[in-house]
Amino acid sequence: MEGMVRLSFYLFAAASIAVAAAWVCYMVYAVGFIRLRRTALATSTGMTVTGSSTEHVPGPMSAARFGSLFGWFAAVFAGLSVLTRAIASHRGPYSNMYEFSLAFVFVLTLAYMLFERFYNVRQLGAIVMTIALGMCLYLWSLPPRMREVDALNPALQNRPLMTLHVSAAIVAYATFAVSFAAAILFLIQLRKNVSWLPSAEMLDDIGFRAVTIGFPMLALVLILGSIWAHQAWGAYWSWDPKETAALFTWLVYGVYLHTRSLRGWRGQRSAIILLIGFVAVGFTYYGNYFFGGMHAYGGVN
Amino acid sequence: MAQATLEKRGFRNSPLETIVDRIWRFFCSVRAAVVEIAILAVLVLIGTLRGSSVPRWIADAIPATEGIVDRWYGWDVFHSMPFMLILAILTIAITVCTLNRAPGIWRTINEPTISTTRGFIRNADVSANATIAQPVESSLDAFTTSLKKKRYRVLSEEHGDAVHVYADKNRWAKLATFPFHLALILILIGGIVGARYGFKENEFIIPEGSVRDVGHGTGLSVKLDQFSDSWREDGTAASYRSDLVLYENGEEVKRDSITVNNPMSYGTTTFYQTSYGQAAQMRITDLDGNVLYEDATELGIYRSSTNPDAPAGIITLPQSNLRLNVIAPDEDRANAPMLDTLNLESGQMYVQIRGTGPDAGAEMQDAVLVQGVPQEINGIVVEFQRETRFTLLQVASNPGIPIFWAASFLLVGGLFATFYFPHRRIRAILDRSGEPGVTQIALAPLAKRDWSGQKDFRGVVEDLQRRLQTDFVVNERASTYLERPAKPASNSA
Ligand code: HEM
C-alpha cells in the first residue's frame, strides 16, 4: 500500500475503535438499569396480591458524555480517513463499496453528532452508533484488496458529477439513519412514556428534520444520477434496479411527508413509515449484492 | 372556496354534479394521494425486485410460488398498464390538488383571518400571557417591533376592548409546494416527450474523413476529422478521441472533440464516444470512370463465414444493384490456414461482388485487391486506397432535456423553500378591559404538534420579555401524542 492509502487505513482503524467505544458508552447510558419493583397490594377481600413491575432507570449521564466524545473522535478520524484516501486517489469516494461505506461512516457519525448538538439529546446515540458499528464491521469484512486504490473503469471517470451524486447519496442515507433512530425512540415513547427519553414531539421533529435533509438529497441523487447516466450511457433513466430502488426509497419518504399533514396519521403511523423507509435505504445500499445492471461494478460481484 | 361549497349545499345537486364533486374531492384528498404514492412505490418495488435474485430466492424457499415468480420475472412493470395508470392518476391528482389549494393558500398569504378566540390560545400546545404596564397602543407597538425584528409580518384588528394580532413569516414559501408538485408532472412530461420525439442510435459509425447523416429528421450530419487514441503500458486503451465537425443542412455549425464521458451536444442531440474500429478507404467507379462510391467502409461489424476472425464490411451500390463484401487480412497469424483460408497480406483486401437485383443469381465474383491498384471486377473498377479507422458513436436526441432541467430546479428549489422556510404563525390578543393603562396579552403559535414551531415561539416570547421588561407566563401542555382518551374509572384495588 502506498503511504497515503496506508495512513487512510490506519485512520479508519482508529475511527472503528472510536465508534466501538462510543457505542459501548451510549449503550450503557441507554440500557441503564432495569429495576424490578415488587409491590404488595391488599385487596378488599383481605387477600394480598403481589405484583412486579420493571422500571427503567437510565445509565449515568457521564457515559453519554463519553459517548459524545468518542462520537466526535469517530467523525474526525473517519473524515480524515476519507480525506487522505481522496488525496491518494484524486477522486471522490465512489470506486467501490469500501470507499463508499467509509464515507458513509464519516457522514453518519458527523450528521448524528450535529443533531445531538442541535437538540441536546444523547439518547439516539445507542441506535445510530449501532448502525455505524455495523458499517465498520461490514468494512472490515470486505476483501482487503478493496482497500487498495485502483485505476478507475473509464465509465466512472466523470469526477464532479460522480462525486456530487455519491456524496448526496451518502448524506441522504446518513440523515435517514438519524430519522430511523428517532422513529424507534418515538414508538417506544408512545407506548411506554419513558420520562428520560426526549418528548414525543421532539423525536417527531428530529425524524422530520432529518428527512427534510435526506429527501431533497435523494432527489438530487436521482437527478444527478440521471444526468450522469445521460453522459455516460446516453440514457437518462434506464429502469436500472439500483435507480428504481432509490426511487422506491424516495417515494416511501414522499408518503411519510404526506402523512404528516393527515391528522390521524401523524405520529405512530408516520414513524412506522420511517422504519420502512430505512429498510428501503438498506435495500438500496446493498442492492449491488442482488442486482445485476449497470451499478453492479461496486467491487462486490 | 369554503363559502362557495356552503352555498352549494343549499341546493340539491344533480347526480352528475354529485359524481363530479366526488371525483374532484377524491383527487384533492391527501389521504388518496398517500394511497396513490404508496401504490406507485409498491409497483416500483416489484419492478426493482424483478431485476434481482430476490424472487428466485422466494421460489427456492417456497416451491409453490414458482409460477408467480416466473410471471413476475416476465412482467415488464415499468411499461405496463397499471404503472401508466397510476402515473396518470397521480398527474391528475397533483393538477386538481393544485387548482384546489391555490385560492386557499393565496388567501392565507394575502388576507389571513386576523381575529382569534381565547379558546384557541388556551387550547394551544404552548401559549404565553403577561400583564404589561403600558396601554394597549404602546404595547402593540412594542410587540410589533419585536416581531418585525424576527422577520414577522404583523396584522392587527380592533375587536371591542381588544386588539387581535396575526403575525407570520416565510409566507411566500408556502407557494413553493406548487413548483415542487408541478415539477413532478414536468418530469413525466419530459419523459413522454423524450420517448416520443427522441431517438437513440447505438451504433453510429463514421470512418475517418467521412461524413454521415444523423437522420431522424434532424438535418444533421457529422464528419470525423480525425481519430486518435493513447495506450497504457499494459496494452489497454487509456483514452480515445474523435474530432468531429457537425453540419446542419450542409452548414458547419459546430466542431468539437469527444471522448468517453465527454460527449458533444447540439440542440437536443448528443454524440457519445463509444468505441472505434478499423476501416478501409475504397473507391469504386464504373468503366467510364464515373464514381459510384468513394468513402471509408467500416470493418469488423460483419463477420465472414469463410474467415470468421477477419474484419469484414459491406458496401451496397443500389444504382448498380451490387453488393460488395470487403474482408481485411486476419490479424491473428495463427489462424492460417484452418480459420484464415484467404491468408491475405497486410496491404491487401479481399472483395466479393454479388448482384442484388430481382434477377440476381447466387454467383459471386471475387478478387484480392492490392492497396492503390484499381482492379476491374464484374463491370466496375474497385480500388482499396488505404486503411483508416472509424469511430463508433452513440447518438441520442432527447427533446425532453430542457423540460427535465427546468423540473429539476423547480423540484429541488421548491423542496428547499418548503422545508427551510417554514411558515410560522402566531396569534395574539391584547386586552384593555382591565385596569386603565395596562394591557393583558395572550399569544400562541399555530404549531400543533410542531416542536420546531413551538421552539420558535418560545424565542419570540423571550424576545418580548426583554423588550417589554415584563415577565411572561408560558403555559405548555404535556405531550399531545401521549394523551389517551379518558379511561373508564380505574378499578383501584
Ligand atoms: C409522487 C407524488 C408526490 C410526491 C413525491 C409528493 C411530495 C410532497 C412533499 C415532499 C411535500 C412537502 C411536505 C411538507 O411540506 O412537509 C408534499 C406536500 C403536499 N402534497 Fe404532495 N407529493 C406527491 C403527490 C401529491 C398529490 C397527488 C397530492 C394531491 C392530492 C399532493 C398533495 C400535497 C399536499 C396537500 C401537501 C401539503 C401538505 C402540508 O401542507 O403539510 N401531493 N408533497
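Residues numbered from 1 in each chain as written. Chains lettered and ligands numbered in written order. Predicted model: local features only at pLDDT ≥ 70, side-chain atom pairs only at ≥ 80, totals over all residues. Heavy atoms only, no water.

### Re the coordination of the iron atom of the ligand
Link 1 in the chain: Looking at the iron atom of the ligand, the protein donor atoms are His258(A) (NE2) and His181(B) (NE2), and they sit 1.9 to 2.0 Å from it.
Link 2 in the chain: Taken together, the 6 donor atoms coordinating the iron atom of the ligand and their angles of 85 to 178 degrees define a geometry best described as octahedral. Taken together, the residues His258(A) in helix H7 (residues 241-259) and His181(B) in helix H9 (residues 177-197) connect one chain to another. (Donors = N, O, S within 2.8 Å, 3.2 Å for Na, K, Ca; no water. Tetrahedral: all angles 85-135°; square planar, octahedral: opposite > 155°, others 65-115°. Helix = DSSP H or I, 4+ residues; strand = E, 2+ residues; numbered from the N terminus.)

### Quick notes on the interface of chain B and chain A
Frequently, the measure chosen for interface size is the accessible area removed from exposure when the parts meet.
Link 1 in the chain: Contact with chain B, which involves 52 residues of that partner, is made by 59 residues of chain A.
Link 2 in the chain: Of the roughly 4,600 Å² buried between chain B and chain A, counting both surfaces, carbon and sulfur atoms make up 69%.
Link 3 in the chain: The interface formed by chain B and chain A includes 0 salt bridges.
Link 4 in the chain: Every element with two or more residues in the side of chain B that touches chain A is listed here: helix H3 (30-50), helix H4 (54-61), H9, strand E10 (269-286), strand E18 (380-397), helix H10 (401-420) and helix H11 (451-468) of chain B.
Link 5 in the chain: The element that contributes the greatest number of residues to the side of chain B that touches chain A is H3(B), accounting for 11 residues.
Link 6 in the chain: Split into classes, the residues belonging to the side of chain B that touches chain A amount to 31 nonpolar, 14 polar and 7 charged. (Contact = heavy atoms within 4.5 Å. Buried area = accessible area lost by both parts, 1.4 Å probe. Salt bridge = Lys/Arg side-chain N within 4 Å of Asp/Glu carboxyl O. Nonpolar A, V, L, I, M, F, W, Y, C, P; charged D, E, K, R; others polar.)

### Side note on the side chain of Ser80(B)
Residues and elements named next belong to chain B.
Link 1 in the chain: Mapped onto the fold, Ser-80 is located in the loop between helix H5 (66-74) and helix H6 (81-110).
Link 2 in the chain: You can call Ser-80 buried: its relative accessible area is 7%.
Link 3 in the chain: At 2.6 Å, the side chain of Ser-80 forms a polar contact with the backbone oxygen of Val-77. (Buried < 20%, exposed > 50% of the residue type's maximum accessible area, 1.4 Å probe, protein only. Polar contact = N/O pair within 3.5 Å; in protein donor to acceptor, adjacent residues only side chain to side chain.)

### A look at the sheet that holds strand E20 (residues 439-445) of chain B
The strands that make up a sheet pair up through hydrogen bonds in the backbone, lying either parallel or antiparallel.
Residue and element names in this part refer to chain B.
Link 1 in the chain: Taken in spatial order, the 6 strands line up as E2-E3-E19-E20-E1-E21 in an open sheet, and their pairing is antiparallel. Every interior strand has two partners, whereas the edge strands, strand E2 (153-159) and strand E21 (473-476), have only one. Each strand axis lies, on average, 20 degrees off the axis of its neighbour in the sheet, ignoring direction.
Link 2 in the chain: Taken together, the 6 bridges between strand E19 (residues 424-431) and E20 define a ladder with antiparallel strand orientation. Bridge pairing links Ile-429 to Ala-442 in E20.
Link 3 in the chain: Packing against the sheet, H11 makes contact with strand E1 (126-132), strand E3 (162-169), E19, E20 and E21, and its axis sits at approximately 10 degrees to E1. (Pairing = 2+ DSSP bridges. Axes fitted to C-alpha atoms, helices over the stretch in contact; angles between N-to-C directions.)

### Quick look at the domain arrangement of chain A
Residue and element names in this part refer to chain A.
Link 1 in the chain: Segmentation of chain A into domains returns domain 1 (1-32 + 58-148) and domain 2 (155-301).
Link 2 in the chain: Summarising the inter-unit geometry, the C-alpha centres of domain 1 and domain 2 are found 20 Å apart.
Link 3 in the chain: Every contact between the two is made by 31 residues of domain 1 and, on the other side, 35 residues of domain 2.
Link 4 in the chain: Taken together, the two surfaces of domain 1 and domain 2 that pack against each other cover about 2,900 Å², and 79% of this comes from carbon and sulfur.
Link 5 in the chain: On the domain 1 side of the interface with domain 2, the three residues burying the most area are Tyr-94, Phe-115 and Tyr-119, jointly 23% of the side's total.
Link 6 in the chain: There are 0 salt bridges connecting domain 1 and domain 2.
Link 7 in the chain: Remark: the boundary between domain 1 and domain 2 carries 2 residue pairs in polar contact (both at pLDDT 80 or more).
Link 8 in the chain: Those elements giving two or more residues to the side of domain 1 that touches domain 2 turn out to be helix H1 (3-31), helix H3 (97-119) and helix H4 (125-141).
Link 9 in the chain: In terms of residues, the side of domain 1 that touches domain 2 owes the most to one element, H3, which gives 11 residues.
Link 10 in the chain: Classifying every residue of the side of domain 1 that touches domain 2 gives 24 nonpolar, 5 polar and 2 charged. (Domains from an automatic or database assignment.)

### Brief notes about the site of the ligand
Link 1 in the chain: Taken together, 23 residues surround the ligand, and among them His258(A), Ser261(A), Cys97(B), Phe180(B) and His181(B) come closest.
Link 2 in the chain: Neighbouring residues of the ligand are not confined to one chain but are distributed across chains A and B.
Link 3 in the chain: Within the contact set of the ligand, a nitrogen atom lies 2.6 Å away from a side-chain nitrogen or oxygen of His258(A).
Link 4 in the chain: Within the side chain of His181(B), one N or O atom sits 2.8 Å away from a nitrogen atom of the ligand.
Link 5 in the chain: Put simply, the parts of the chain that give the shell around the ligand at least two residues each are helix H6 (200-233) and H7 of chain A together with helix H2 (15-28), H3, H6, H9 and H10 of chain B.
Link 6 in the chain: With 5 residues, H6(B) is the largest single contributor of residues to the shell around the ligand.
Link 7 in the chain: A class-by-class count of the residues in the shell around the ligand yields 17 nonpolar, 5 polar and 1 charged. (Near = heavy atom within 4 Å.)

### Quick word on the nonpolar core
Link 1 in the chain: Leu124(A), Tyr173(A), Ile206(A), Phe215(A) and Trp250(A) are the most contacted members of the largest nonpolar core, which has 123 residues in total.
Link 2 in the chain: Ranked by residue count, the leading element in this core is helix H5 (residues 159-192) of chain A, at 20 residues.
Link 3 in the chain: Excluding its chain neighbours within four sequence positions, the residues that come into contact with Phe215(A) are Phe176(A), Trp250(A), Tyr253(A), Gly254(A), Leu257(A), Phe180(B), Leu415(B) and Phe419(B).
Link 4 in the chain: If you look at the next biggest cluster of nonpolar residues, it comprises 25 residues, including Ala128(B), Ala130(B), Leu147(B) and Val460(B). (Core = buried A, V, L, I, M, F, W, Y, C linked by side-chain atoms within 4.5 Å.)

### Quick word on the pattern of salt bridges
Residues and elements named next belong to chain B.
Link 1 in the chain: One pass over the structure, following the stated rule, counts 24 salt bridges over all chains.
Link 2 in the chain: The residue Arg-118 makes a salt bridge to Asp-431 at a minimum N-O spacing of 2.7 Å. With Arg-118 in helix H7 (residues 118-123) and Asp-431 in strand E19, this residue pair connects regions lying 313 residues apart in the sequence.
Link 3 in the chain: Relative accessible area serves as the criterion here: at 42%, Arg-118 is assigned to the partly exposed category.

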